[in-house]
Amino acid sequence: MSKKRLYELAKELGVSSKELINKAKEANININNHMSNIESHEEKAIRDLFTNNEKRAENKTENKEKVNIDYRRRNNQNSTESLKPKESVRDAIKDVINEDFESEFRSKKLTKKNKKIVSNKKNEDNAKKTYNKNDKKKGKQINVQVNKDENIQANVPKKPIKIGSTITVKDFSEKTGKTVAEIIKKLLLLGVVATINQELDFDTAALIADEFGIKIERAIDKDDEELLLNDVEDKEEDLKPRPPVVTIMGHVDHGKTSLLDAIRQTNVIATEAGGITQHIGAYMVNVEGRKIAFLDTPGHEAFTAMRARGAKVTDIAVLVVAADDGVMPQTIEAINHAKAANVTIIVAINKIDKAGANPDRVKQELTEHGLLPEDWGGDTICVPVSAKKKIGIENLLEMILLVAEMQELKANPNRKAKGTVIEAKLDKNRGPVATVLIQNGTLNAGDFFVVGNTHGKVRTMTDEKGKNLKKAGPSTPVEITGLAEVPDAGDILIVVDDEKVAKQISDKRKEKYRQEHLQSGQKISLDDLFSQIQSGKVKELNLIVKADVQGSVEAVKQSLEKLSNDEVKIKAIHGGVGAITETDVTFASASNAIIIGFNVRPQASAMTLAEKEKVDIRLYRVIYDAIEDIQSAMKGMLEPEYKEVVLGHAEVRAIFKASSIGTIAGSYVTDGKVNRNNDVRVIRDGVVIYEGKISSLKRFKDDVKEVNTGFECGISLEKFNDIKEGDIIECFTMEAIPRK
Ligand SMILES: Nc1nc2c(ncn2[C@@H]2O[C@H](COP(=O)(O)OP(=O)(O)OP(=O)(O)O)[C@@H](O)[C@H]2O)c(=O)[nH]1
């Protein structure tokens, strides 16, 4: 049930919302608008205020009557009937506004906005006259409009009218059949000075409609996810105690897994012996009728990752510290994560069965990290346990329940479910499967829901023992099927009314995600750098520099970074020696960077990945060329008229020396072809050591024009004899590309 809205109370008391807000403020009750919810004690206080002021109110009515009488006298009128409806807003105000408001209006001396309304109205009237006189055609149109208005007015809609999140006064008038003047009049009474084209929010429109006795409904606004989800806050009296949700954390090998197993086994033996436990990422244990939910994802990653996504799932963190090892780096990390997440820590001092166990040393070390054990006067509960020998497990569970009791964990089981995905996967047979921790409400088989960017209907719902459930209340971890797609861990699941709503929201979210992804996924390239700078999309140009020697890496990095200007900052985010690898491309893709290769080549796999990821790789042999290219790109003057097309590769397998032609590389064409007239480069360990022309290309003793894949040949290079076995000869050509 929802709390009473201020405007509803105002209506009951027969006063305007504004009046009520002012009164409430006088009595220090903080209410901002007419849609505000009021607590019952506030309602009472407000009612009291008005009862005390009843007398004043009566006087006011008398005064109002007097004003009306005076007004009639001024107009030489003596009966109410003779008061004709007034055309101008100003006159209309006189009719309906009480003394207070009238004087307030007067004191404002027609503010700009008020003037506008009045002059609008005047213009409208004048316009009508002019049109009727001078322009028959247009005049007709106006008359038609006027008649239509009258018709609508006569037919006040009986069915609720659908309105989106906002509506203009004009549209509201058309929909409700009330004249613009009538609507503006009502708005003025609420203290809202509006013009014909003013947008009213739904709440205001609802209020005005209510004043006219017209029912309105919120039209499902595609953007209004909040409304569709209808995730209302629970009333205190609807909240019931719920089991705590616990995460186990600690340093590697201190016994997290063993402890989780020990807890589970203790529980299985105690309750359903022989039950086959499945891994669903979370499970519920029963301690003498009281329940605890454990997240079966050891380590703080689980809740830190979820916290990063805005989901808080853990109530209590059990910090496992091995008694023979003490506080270690990951213990400290876990403490910090738990503290940051505002989660209570219970320390399980594990491995107490071991010879070197020293629980006191652990406690001492804990104090150094802000955890003072209870028995030392602090408030951190420390439980000595042995996961291996199953010592102290029940005590630990008791302590968890005690802390939970102190935390007064509550939820409302009687509402639509809301939960968080703990784990999700694609199952070959069952399709997308997710383990969801229900955090509020009750999830029922058959419920429709939205989760992250996807949606679904609960087809099956099971616990960690594979038992089918029809219902799952707060703090229950369940595995569900029936999802359209696999959600992400940390996604929030919310039950909605029907499939249509579920789909509507998930479609909307998908579209939003796609848009965001598109924007962030738009890879930078030198070709469109200028336009991206211009549109403000690029403020930084990230570069990854790969070169043949370390000296070049530094020189290229520094020269390029110096090109930074006010519009764009050039940042060499990574530099290294050697061929451009897949890792470089992945890094560039993730950081939206361009790769600059200086006397190096990309590995074939890196090239393929770069094409797929749309990472721009630029290869240079002279620093000056790289500088010039980037400078031109920044000015939008890069002229990428040619692009390099690799024709093929040959591997050098033997070297022959011939006094007449120099060194001959006995090679094997591994891919594509080698053409005598095209350019070639020699690559040794990913580094370009020569770029030039072929001086002779032979098959056996014959000169040939080209050699295809799978054939052997002899290659000699112009002015280059330093070729070695294992070198790669890359044959390429420069192709003109049409300008965009
Ligand atoms: N003696 C003794 N050994 C234990 C106890 N608890 C765990 N161990 C041993 O300690 C080792 C590490 O235990 P795990 O439960 O795998 O520790 P963990 O913290 O889950 O380790 P990671 O998952 O690798 O971080 C295993 O060899 C366990 O058998 C205990 O109470 N006593």
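What you see is a predicted model; the values in this text were computed from it and never measured.

What counts and how
- Each chain carries its own residue numbering, running from 1 in the written order of its sequence.
- It should be noted that, the model being predicted, local features are given only for residues of pLDDT at least 70 and side-chain atom pairs only at 80 or more, the latter also being counted only at that level, while totals for whole chains, interfaces and linings use all residues.
- For the purposes of this entry, the term helix denotes a DSSP run of H or I that reaches at least four residues, the term strand denotes a run of E that reaches at least two, and both are numbered from the N terminus.
- Between the first and last residue of a helix there are one fewer steps than residues, each counted as 1.5 Å, and that sum is the expected span.
- Exposure in this text rests on C-beta crowding, where 20 or more other C-beta atoms within 10 Å of a residue's own make it buried, 12 or fewer make it exposed, and counts in between make it partly exposed. The C-beta atoms are placed from the backbone.
- Directions pointing from the helix axis toward each C-beta atom define the arc.
- We call two residues in contact if the C-beta atoms placed from their backbones are at most 7 Å apart.
- As a rule, any residue with its backbone-derived C-beta atom within 6 Å of a molecule or strand is reported as near that molecule or strand.
- Each residue receives one of three labels: charged for Asp, Glu, Lys and Arg, nonpolar for Ala, Val, Leu, Ile, Met, Phe, Trp, Tyr, Cys and Pro, and polar for the others, Gly being one of them.
- Each axis is a line fitted through C-alpha atoms, taken for helices only over the stretch in contact, and angles between the N-to-C directions span 0 to 180 degrees.
- By convention, the crossing between two helices is left-handed when the near helix turns anticlockwise from the far helix through less than a right angle, and right-handed when the turn is clockwise.
- When buried Ala, Val, Leu, Ile, Met, Phe, Trp, Tyr and Cys residues are joined through C-beta atoms within 7 Å, the set is termed a nonpolar core.
- Domain ranges listed in this record stem from an automatic or a database domain assignment.
- The labels follow the angle: roughly parallel below 35 degrees, roughly antiparallel above 145, roughly perpendicular from 65 to 115, and oblique for the rest.
- Whether two strands pair depends on DSSP finding at least two bridges between them.
- You can read pLDDT as the predictor saying how much it trusts each residue, on a scale of 0 to 100.

Turning next to helix H20 (residues 550–561). For H20, which comprises 12 residues, the first-to-last C-alpha distance of 17 Å matches the rise-based estimate of 16 Å (1.5 Å per residue) to within 8%. Every buried residue belonging to H20 is among Val-553, Val-556, Lys-557 and Leu-560, and all of these are buried. Relative to the axis of H20, the buried residues are bounded by an arc of 100 degrees and lie together on one face. Structural note: H20 exposes Gly-551 and Gln-558 on the side pointing more than 90 degrees away from its buried face. Each element contacted by the buried residues of H20 is listed here: strand E23 (540–547), strand E24 (569–577), strand E25 (593–598) and helix H23 (623–635).

Our focus in this paragraph is the site of the ligand. In the vicinity of the ligand, 16 residues are found, and the nearest of them are Gly-255, Lys-256, Thr-257, Ser-258 and Lys-388. Per-element tally for the shell around the ligand: the top contributor is helix H13 (residues 256–270), with 3 residues. Its residues assigned to classes, the shell around the ligand shows 3 nonpolar, 7 polar and 6 charged.

What follows deals with the packing of helix H9 (residues 169–176) against helix H10 (residues 180–189). Packing of H9 against H10 leaves a shortest axis separation of 9 Å and a crossing angle of 115 degrees. Here H9 runs over H10; the crossing is right-handed. Along the contact surface, H9 presents Val-169, Lys-170, Phe-172 and Ser-173, while H10 presents Val-180, Ile-183 and Ile-184. In terms of residue class, the contact of H9 with H10 is made up of 5 nonpolar, 1 polar and 1 charged.

Before going further, it helps to spend a moment on the nonpolar core. Core analysis: the largest hydrophobic core is formed by 77 residues, its most contacted members being Phe-294, Leu-319, Ala-348 and Ile-349. Counting residues per element, this core draws most heavily on strand E11 (residues 316–322), at 7 residues. The two domains that each donate at least three residues to this core are domain 3 (245–408) and domain 4 (418–517).

It is worth spelling out the packing of H20 against H23 at this point. The interhelical angle for the contact between H20 and H23, taken along N-to-C directions, is 25 degrees, at an axis separation of 10 Å. Our classification of the angle between H20 and H23 gives roughly parallel. Note on packing geometry: the crossing formed by H20 with H23 is right-handed. Counted together, Ala-555, Val-556, Ser-559 and Leu-560 of H20 and Ile-623, Ala-626, Ile-627 and Ile-630 of H23 form the full contact between these two elements. Its residues placed into classes, the contact of H20 with H23 shows 7 nonpolar, 1 polar and no charged.

Within a sheet, each strand pairs with its neighbour through backbone hydrogen bonds, oriented either parallel or antiparallel. The sheet built from 6 strands is open, its strands ordered E9-E10-E8-E11-E12-E13 with mixed pairing. Of all strands in the sheet, those bounded by a partner on one side alone are strand E9 (282–287) and strand E13 (381–384). Neighbour-to-neighbour, the strand axes of the sheet open up by a mean angle of 30 degrees, direction not taken into account. For strand E8 (residues 245–250) and strand E10 (residues 290–295), the ladder comprises 3 bridges, and the chain directions are parallel.

When you line up the elements, Asp-679 lands in strand E29 (residues 679–684). When the C-alpha positions of Asp-679 and Glu-691 are compared, they lie 7.5 Å apart, and in sequence the two are 12 residues distant. Every residue in contact with Asp-679, bar those within four places of it in the chain, is listed here: Lys-693, Phe-732 and Thr-733.

Summarising burial for strand E21 (residues 477–483): 6 of the 7 residues are buried, a large majority. As paired elements, strand E16 (residues 431–440) and E21 share 5 bridges and run antiparallel to each other. Counted as the bridge partner of Val-436 is Val-478 from E21. By the bridge criterion, 4 bridges tie strand E19 (residues 454–462) to E21 in an arrangement that is antiparallel. In the sheet register, Gly-456 faces E21, and the bridge partner there is Leu-483.

With that settled, consider the confidence of the model for the protein. Considering every residue of the protein, the mean pLDDT works out to 77; 75% of them sit at 70 or more. Considering each helix and strand of the protein separately, the mean pLDDT is smallest for helix H8 (residues 136–154), with a value of 37, and largest for strand E17 (residues 443–444), with 97. Per-residue pLDDT stays below 50 along residues 117–154; that stretch engages in 21 contacts with residues further than four places along the chain or on separate chains. For this predicted complex, the interface confidence reaches an ipTM of 0.98, while the overall pTM sits at 0.49.

Strand order in this closed barrel of 6 strands is E15-E16-E21-E19-E18-E22, and the pairing throughout is antiparallel. The average undirected angle you get between the axes of adjacent strands in this sheet is 45 degrees. One ladder, built from 9 bridges, connects strand E15 (residues 418–427) with E16; its direction is antiparallel. Paired with Gly-419 across the two strands is Ile-438, which belongs to E16.

Bringing the environment of Asp-261 into the picture now. By secondary structure assignment, the location of Asp-261 is in helix H13. Sequence separation between Asp-261 and Ala-387 is 126 residues; the distance between their C-alpha atoms is 8.0 Å.

Attention now moves to the pairing of E11. Along a regular strand, successive side chains alternate from one face of the sheet to the other. The buried fraction of E11 is high, at 7 of 7 residues. Where burial is concerned, the two faces of E11 agree: the one with Ile-316, Val-318, Val-320 and Ala-322 and the one with Ala-317, Leu-319 and Val-321 are both buried. In the sheet, E8 pairs with E11 via 5 bridges, with the strands oriented parallel. The residue bridging Met-249 from the neighbouring strand is Leu-319, located in E11. Note that E11 and strand E12 (residues 344–350) share 7 bridges and pair parallel. Paired with Ala-322 across the strands is Asn-350, a residue of E12.

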